[in-house]
Amino acid sequence: MATRPKINQYEVSKVSPSLGAEVRGISLAHAGPAEAEEILDLLHEHLVLFFPGQYMTTEEHIEFGKHFGHIEGHPNVRNRTPYPEILELVGSRGGVADEWHSDLTFQSEPSILSILRVVTCPDVGGDTMWANMYKAYDELSAPLRDLCEGLTALHDAHPHNRADVMATHPVVRIHPVTRRKSLFVNEHFTRRIVEMSHEESELLLNYLTRWVSSPRFTVRYQWSEGTVAIWDNRCTQHFVLDDFDGERIIQRVTVVGDVPEAASSPRWEPYIHEKGATRRHDRQLRDFLRSASDTPADNTVQGM
């Protein structure tokens, strides 16, 4: 029996100083648990990995994803395939996530990893960008890092027409493997800083969501058909450039079951105007906290 290749036998090439690496010399369709562990080691180092020329089938894609944990389809986006584990997005029909985000942060247990396979892509355009949330946290000033560590934020699925699906998470979280701190707010799903007034929350969130997209934190990757990408949603955000003509079809499996660990316990009480909750996010936060008090085991609320 042939010996399985080890990491030092793979060809690993960094694609930016901040994050990202291309990996060659492995067939993901034939990868087993040992290779999955080696890939995780590389992922913790580079945060997002690209595997060109894989040309996996949908079935192989799903089986590969299972090596990393429990996988699920998207809870709010209609599945276009007969495979419940798959999210397929067709760019020519508007399936482009052109805001910075981490996947599924509106859930109490957001995504751990996402594994994307390029089925069809345009010759030019439709690239995806990722940002390193470790660096985004590390390069804040010390006073702002300290403030953010004592805060939580409300996330919802409003971009999927499900603003009733909400969760709260720490603004700064600790990665369960690397133990590094990272920012965990994004422009796509994060709505409100729980411990601040509406105006203060808007000010801080607007700053942080612009800050995380600084070019020095990012990598931009040009796709080719057959490429597979794996990224860690616990310490990255991503953004798709909606700048192409033609068809762009990607399929994704999502590894779920993450429980964000706060860098610090919240240091202040939630800021609620019981009589003056006239803004949508104020009412949303008030109603979320009332409902959450009735369901203390879960910080996701639906159907309000």
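Residues numbered from 1 in each chain as written. Predicted model: local features only at pLDDT ≥ 70, side-chain atom pairs only at ≥ 80, totals over all residues. Heavy atoms only, no water.

(A) Representation of unusual backbone geometry. Not every positive phi belongs to a glycine, and Tyr55 is a case in point at roughly 50°. Tracing the backbone through its elements, the reader meets Tyr55 in the loop between strand E3 (48-51) and helix H2 (58-66). In this structure Tyr55 comes out as exposed when scored by relative accessible area, which is 59%. Phi is positive for Leu104, which is not a glycine, with a value near 65°. Tracing the backbone through its elements, the reader meets Leu104 in the loop between strand E5 (87-90) and strand E6 (111-120). (Helix = DSSP H or I, 4+ residues; strand = E, 2+ residues; numbered from the N terminus. Buried < 20%, exposed > 50% of the residue type's maximum accessible area, 1.4 Å probe, protein only.)

(B) Looking closely at the pattern of salt bridges. Summed over the entire model, instances satisfying the criterion amount to 14 salt bridges. The partner of Arg252 in a salt bridge is Asp103, with the nearest N and O atoms 3.4 Å apart. Here Arg252, found in strand E16 (residues 249-256), pairs with Asp103, found in the loop between E5 and E6; they are 149 residues apart in sequence, far enough to count as distant. This pair shows no difference in class: Arg252 is buried, exactly as Asp103 is. Ionic pairing is found between Asp156 and Arg191, a salt bridge with its closest N-O pair at 2.7 Å. Of the two residues, Asp156 sits in strand E8 (residues 152-157) while Arg191 sits in strand E12 (residues 190-193), which places them 35 residues apart along the sequence. We note that Asp156, like Arg191, is buried. Each of Asp127, Arg220 and Asp243 takes part in one network of salt bridges that share partners. (Salt bridge = Lys/Arg side-chain N within 4 Å of Asp/Glu carboxyl O.)

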